[in-house]
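Overview (structure and organization)
Listed here are the chains, written in short residue letters.
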Amino acid sequence: MLDNETLLMLKTKAVRLRELTIREIAHLGSGHIGGSMSIIEILTYLYHQAMNVDPADPLKEDRDRLVCSKGHAGPAVYATLADKGFFPLDWLMTLNQGGTNLPSHCDMTKTPGVDFTTGSLGQGASAAVGIALGQKIRGFDGAYTYLILGDGESQEGEVWEAAQTAAQFKLGNLIAFTDLNKKQLDGWTEDIISMNNLDTRWLGFNWHVQRINGHDLEAIDRAVLNAKAEKDRPSMIICDTIKSYGFGPGERTFGNHSMPISVETAEAAIAELHQRFDVKEA
Ligand SMILES: Cc1ncc(C[n+]2csc(CCOP(=O)(O)OP(=O)(O)O)c2C)c(N)n1
Ligand SMILES: [Mg+2]
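This structure is a prediction, so every number in the text was calculated from the model and none was measured. For every chain, the first residue of the written sequence is number 1, and numbering continues from 1 onward in sequence order. Lettering of chains starts at A and numbering of ligands starts at 1, both following the order in which they are written. In view of the model being predicted, local features appear only for residues whose pLDDT reaches at least 70, and side-chain atom pairs are presented and counted only at 80 or more, with totals across whole chains, interfaces and linings using the full set of residues. Where side-chain values are given, they derive from all heavy atoms of the structure, hydrogens and water being excluded.

A few words now on empty space enclosed by the protein. Put plainly, a pocket is an open set of points on a 1 Å grid over the protein atoms alone with protein on both sides within 12 Å along at least five of seven lines, a cavity is a set where a 1.4 Å probe fits but cannot get out, and a lining residue has an atom within 4 Å of a point. Grid points are joined across faces, edges and corners, and a volume is the space filled by probe spheres set on the points. Per the counting criterion, the structure on display carries 2 cavities of 30 Å³ or more. Its boundaries defined by the atoms lining it, the largest cavity holds a volume of some 50 Å³. Lining the largest cavity, in full, are Tyr-47, Leu-66, Val-67, Cys-68, Val-77, Cys-106, Gly-113, Val-114, Asp-115 and Phe-116. Only DSSP runs of H or I covering at least 4 residues are called helices, and only runs of E covering at least 2 are called strands; the numbering of each starts at the N terminus. Residue contributions to the lining of the largest cavity peak at 3 residues, all from strand β2 (residues 65–68). Within this model, the second largest cavity holds a volume of roughly 40 Å³. Every residue lining the second largest cavity is listed: Tyr-47, Val-53, Pro-58, Arg-63, Asp-64, Leu-81, Phe-86, Gly-113 and Asp-115. Partitioned by chemical class, the residues of the lining of the second largest cavity number 5 nonpolar, 1 polar and 3 charged. In the scheme used here, Gly and all other residues not listed as nonpolar or charged are polar, with Ala, Val, Leu, Ile, Met, Phe, Trp, Tyr, Cys and Pro taken as nonpolar and Asp, Glu, Lys and Arg as charged.

The magnesium ion (ligand 2) binds to the protein through Asp-151 (OD), Asn-181 (OD1) and Lys-183 (O); the donor distances cover 2.0 to 2.1 Å. Listed donors are limited to N, O and S atoms within 2.8 Å of the metal, widened to 3.2 Å for Na, K and Ca; water is not among them, so incomplete-looking sites are possible. Read N to C, the donor residues that coordinate the magnesium ion (ligand 2) are spaced as D-x29-N-x1-K. Think of it in three bands: residues with accessible area under 20% of the maximum for their type are buried, residues over 50% are exposed, and the middle band is partly exposed, with areas taken using a 1.4 Å probe on protein chains only. Since its relative accessible area comes to 5%, Asn-181 is described here as buried. Taking relative accessible area as the criterion, Lys-183 reaches 10% and is therefore assigned buried.

Turning our eyes to something else, we now look at the side chain of His-208. Along the chain, His-208 falls in strand β5 (residues 208–213). Side chain to side chain, His-208 and Ser-235 meet in a polar contact 2.9 Å long. Not counting residues up to four positions away in its chain, the partners in contact with His-208 are Asn-226, Ala-227, Glu-230, Arg-233, Pro-234, Ser-235 and Met-236. Nitrogen and oxygen atoms within 3.5 Å of one another constitute a polar contact, given that in protein one can donate a hydrogen and the other can accept it, and given that sequence-neighbouring residues count only through two side-chain atoms. Residue contacts follow a heavy-atom distance rule, with two residues in contact if any of their heavy atoms lie within 4.5 Å.

The subject of this paragraph is the pattern of salt bridges. Any two side chains of opposite charge can pair, so long as their charged atoms come close to each other. By definition, a salt bridge exists where a carboxyl oxygen of Asp or Glu is found within 4 Å of a side-chain nitrogen of Lys or Arg. According to the stated counting rule, one finds 16 salt bridges in the structure shown. We note a salt bridge from Arg-63 to Asp-115, for which the minimum N-O separation is 2.9 Å. Linking Arg-63 in the loop between α3 (40–50) and β2 with Asp-115 in the loop between α4 (74–84) and α5 (123–137), this pair joins segments that are 52 residues apart in sequence. Residue Arg-63 shares its accessibility class with Asp-115, and that shared class is buried. As a salt-bridge pair, Arg-276 and Glu-251 come within 3.1 Å of each other at their nearest N and O atoms. Pair noted here: Arg-276 is in helix α11 (residues 263–277) and Glu-251 is in helix α10 (residues 248–251), with a separation of 25 residues, a long-range link. Judged by its relative accessible area of 29%, Glu-251 is partly exposed.

Structure below.
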């Protein structure tokens, strides 16, 4: 259970990571704001509560790993890693420009702290299974592999090949999140290929399954602790989220997968963010 001080720290951190992500995309002029904003609490919890990682030694062998399979959420991952100290904050202003170390989609060959290259949806699931299996084979007891999938991404067949393999190898050290933000690139997931029965699908593949509010840090904490108690089954934490959560102009726009953001819009949105989310003294 999170004590009050830790919860306050995490909530404050989530606001900061949203602010960095908005500024980073606005500096470029446009980008994948929707799916970046919806995973901020998951990233906040992982990097500030759950994961054994060391910014000074990003390739430490027995570290926990994250595969952000929805690689287009790179801007949120980069904000998290920069803030954590994996690389200088001013790199964020080079997002997706020539010569950058922060390409639009996550690339492990370019960015310190990125554990796997993603962007081709579905592939990160298989990679995470392989990484988790490797941790077990190498005897890294207590090391976990975390995986973040999109709901639209879950339409990919490769996700389900990975699911059955993880169950077969009893990968209790694999903890996955589905960012169930109900939208994919250009519409409602429900209208394209429904993901409404995700819970029973993962159960059918013999995973441990939980469903939570993905913006509730305490719920994420409880779910991760439950997942860790499950030693012989991989875990799926299905997170109900809102696409673009915390970036007001995106929340108010249906097509918020990737959108242009001016610096002026960003600054107004950041003011709104603080109004809504800053933790008030009791
Ligand atoms: C194999 C593959 N097909 C298509 C794309 C193009 N694409 C990028 S993001 C996206 C939508 C993904 O939706 P979802 O997984 O729900 O992501 P989120 O809502 O979290 O942004 C698509 C189709 C891709 N990157 N990879
Ligand atoms: Mg989605």
